[in-house]
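If you want the building blocks of each chain, they are given just below.
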Amino acid sequence: MPRFERKQNIFRNKDALGESYQPERIEERDDEIEAYMDALQPIIDGWEPNNVFLYGNTGVGKTAVTDFLLDVLQEDVTEYDDVDLSVLSVNCKTLNSSYQVAVELVNTLRPAGAEISTTGYPQQTVFKKLYSELEALGGTVVIVLDEIDSIGDRDELLYELPRARSNGYLETTKVGLIGISNDFKFREQLDPRVQDTLCERELQFPPYEASELTNILESRAEVAITEDGCDGGVLNLCAALAARDSGSARQALDLLRLAGEVAENNDDDAIREHHVDQARSKLEQERVEEGMRELTTHGRLALLAVVSKAAKESTPCRTRELYQEYEALCESSGTDSLAQRSVHNHLSDLRMLGILSAKENRSGSRGNYYSYELDVPFSSAVDAMADVLYLDDEIETIRDIARMNSVV
Ligand SMILES: Nc1ncnc2c1ncn2[C@@H]1O[C@H](COP(=O)(O)OP(=O)(O)OP(=O)(O)O)[C@@H](O)[C@H]1O
């Protein structure tokens with residue numbers, strides 16, 4: 001009797017709900033596609049490409065539409081013998097400077113074994129190597145820089161590359177940049193001269209509404225889910241939840257995939273609305289745990305102070321009292337404590353992350369003050385603290401007190 005058994009009554013192709021899947025059809029982006037095609041038109045016409053800057057929140061289709069249109073463009077360009085198009089795509093997330101992005105581009109263009117080192121050259125040397133690789137490639141080159149905001153203020157490449165031809169670094173090759181970002185502040189921070197060139201054509205992708213997300217989910221479910229694998233109403237529910245929260249297609253797709261997994265694990269024959277509810281809580285918890293894992297030691301100690309008060313049923317609790325709890329925890333863990341003002345800042349950050357909630361109380365002549373409480377389940381907060389702080393005994397005591405008070 002096999003111990004692994006194939007389950008395929010819900011998913012026909014689960015990968016189609018994953019991040020790496022490239023949809024055959026783009027839904028609900030006709031206006032954006034039209035404007036984007038307009039910006040890419042000079043390439044087909046044989047002229048220098050426009051530089052394009054795309055922005056919008058996470059999950060609104062910036063990358064999907066770009067990949068889709070560049071595939072179409074590469075196919076259509078084969079009709080014209082005098083246009084030789086190459087597309088280079090780089091995600092800048094881990095490359096946070098012009099230098100690193102330029103090295104990555106050089107290495108993408110060089111054959112295996114001829115790559116350059118990621119350190120040790122003057123920046124202009126790397127840029128020159130990049131120009132000579134681009135010149136060797138020839139034709140029209142479109143360079144897509146996804147998550148371009150990771151470059152930060154070290155943005156010299158964004159100034160130099162679009163000017164490479166006019167400055168005589170490139171003779172024959174025509175280069176166009178496509179920058180993609182979900183950081184709305186990035187554009188404003190750019191040097192005005194960079195803004196002028198990089199943002200020659202700007203496209204904004206707004207968040208999706210529920211009805212748009214439903215269409216995206218319907219077209220994806222046709223590929224991903226079996227005919228009877230999904231109850232009516234499930235796609236609408238996933239779409240409505242994602243629209244209310246972020247307007248992100250990624251969130252809607254994640255919710256549907258996870259709901260399918262919950263249904264599958266329960267050996268149910270179709271995804272139902274209660275599976276979506278469970279999936280939503282699970283995603284929410286993952287988000288919070290991820291936020292908590294990224295806290296600094298003092299952020300964690302400040303949170304643990306709130307957790308400790310919650311175990312004693314003493315929340316909402318004022319900063320002053322939380323500070324005393326925090327100081328005691330610092331002493332137990334052998335950590336120097338911060339001033340009350342800094343702890344207050346950590347509490348505000350925890351609130352921004354959705355881990356704490358705060359109430360503002362009026363206090364007559366002495367001004368207003370905040371009192372804090374957990375905005376996440378007690379158990380997820382304690383669990384996330386347990387594996388990082390060296391406070392096993394204290395955390396066990398907090399758990400005991402919580403059990404005594406039936407706080408779970
Ligand atoms: N209009 C659409 N039609 C079909 N699928 C879409 C559409 N918009 C987004 N998607 C899908 O949603 C997911 C997220 O989209 P995408 O990666 O393009 O978002 P993004 O705006 O680039 O987000 P980020 O800024 O986080 O990179 C992908 O799986 C993508 O295929």
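All values reported here derive from a predicted model rather than from experimental measurement.

The next subject is helix α8 (residues 210-224). With 15 residues, α8 should reach 21 Å at 1.5 Å per residue; the first-to-last C-alpha distance of 20 Å fits that figure. Within the sequence span of α8, burial applies to E212, L213, T214, I216, L217, R220, A221 and A224. Of the surrounding secondary structure, the elements contacted by the buried residues of α8 are α9 (234-245) and α10 (249-265).

What follows covers the sheet that holds strand β3 (residues 140-146). Ordered by their spatial adjacency, 5 strands build an open sheet running β2-β3-β4-β1-β5, and the pairing between neighbours is parallel. Each having just a single partner strand, β2 (85-91) and β5 (201-204) make up the two edges of the open sheet. Within the sheet, the average angular offset between the axes of one strand and its neighbour, ignoring direction, is 15°. Strands in contact with helix α1 (residues 30-45) are β1 (52-55), β2, β3 and β5; relative to β5, the strand with the most contacts, it is inclined by about 160°.

Now for the UniProt feature "binding site: ATP" (unreviewed entry) in the chain. The feature "binding site: ATP" (unreviewed entry), as given by UniProt, occupies V60, G61, K62, T63, A64, Y208 and R220 in the numbering adopted here. As for its position among the elements, V60 is in the loop between β1 and α2 (62-76). Residue classification places V60 among the buried positions, given that 25 C-beta atoms sit within 10 Å. Dropping the residues within four chain positions of it, V60 is found in contact with F205, P206, P207, Y208, G247, S248 and A249. The residue G61 is located in the loop between β1 and α2 in this model. For G61, a count of 24 C-beta atoms within 10 Å translates into the label buried. Leave out the neighbours within four places in its chain, and G61 touches I26, R29, F205 and A249.

Let us look at the environment of I216. As for its placement among the helices and strands, I216 is situated in helix α8. The exposure class assigned to I216 is buried, which follows from the 24 C-beta atoms found within 10 Å. Residues I216 and R25, spaced 191 residues apart in sequence, show a C-alpha to C-alpha distance of 9.2 Å. If near-sequence neighbours (up to four positions away) are discounted, I216 is found in contact with E27, E28, A249 and A252.

What follows concerns the site of the ligand. Close to the ligand lie 19 residues, the nearest being T58, G61, T63, A64 and A249. Looking at the shell around the ligand, the elements with two or more residues in it are α2 and α10. Each of two domains, domain 1 (30-204) and domain 2 (208-291), supplies a minimum of three residues to the shell around the ligand.

Counting 73 residues, the largest nonpolar core has A102, L213, L217, C238, A252, L255 and A259 as the members making the most contacts within it. Setting aside anything within four residues of it in sequence, one finds A252 in contact with L213, I216, L217, C238, A239 and A242.

Moving on to the sheet that holds strand β6 (residues 317-318). Strand order in this open sheet of 3 strands is β6-β8-β7, and the pairing throughout is antiparallel. Lying at the two open borders of the sheet, with one neighbouring strand each, are β6 and β7 (356-361). In this structure, β7 lies alongside strand β8 (residues 369-374), joined through 6 bridges in antiparallel fashion. When the sheet's bridge partners are listed, S357 is paired in β8 with E373.

What follows concerns α9. Taking 1.5 Å per residue as the helical rise, α9 with its 12 residues ought to reach 16 Å, and the 17 Å between its terminal C-alpha atoms agrees with that figure. Buried residues belonging to α9 abut α8, α10 and α11 (273-293). G247 lies just past α9 and shows a positive phi near 75°.

Here is what the cut-offs are and how they apply
Residues numbered from 1 in each chain as written. Predicted model: local features only at pLDDT ≥ 70, side-chain atom pairs only at ≥ 80, totals over all residues. Helix = DSSP H or I, 4+ residues; strand = E, 2+ residues; numbered from the N terminus. Expected span 1.5 Å × (residues − 1). Buried ≥ 20, exposed ≤ 12 C-beta atoms within 10 Å, placed from the backbone. Contact = placed C-beta atoms within 7 Å. Pairing = 2+ DSSP bridges. Axes fitted to C-alpha atoms, helices over the stretch in contact; angles between N-to-C directions. UniProt positions renumbered as here; feature names shortened; annotations may be inferred. Near = placed C-beta within 6 Å. Domains from an automatic or database assignment. Core = buried A, V, L, I, M, F, W, Y, C linked by C-beta atoms within 7 Å.

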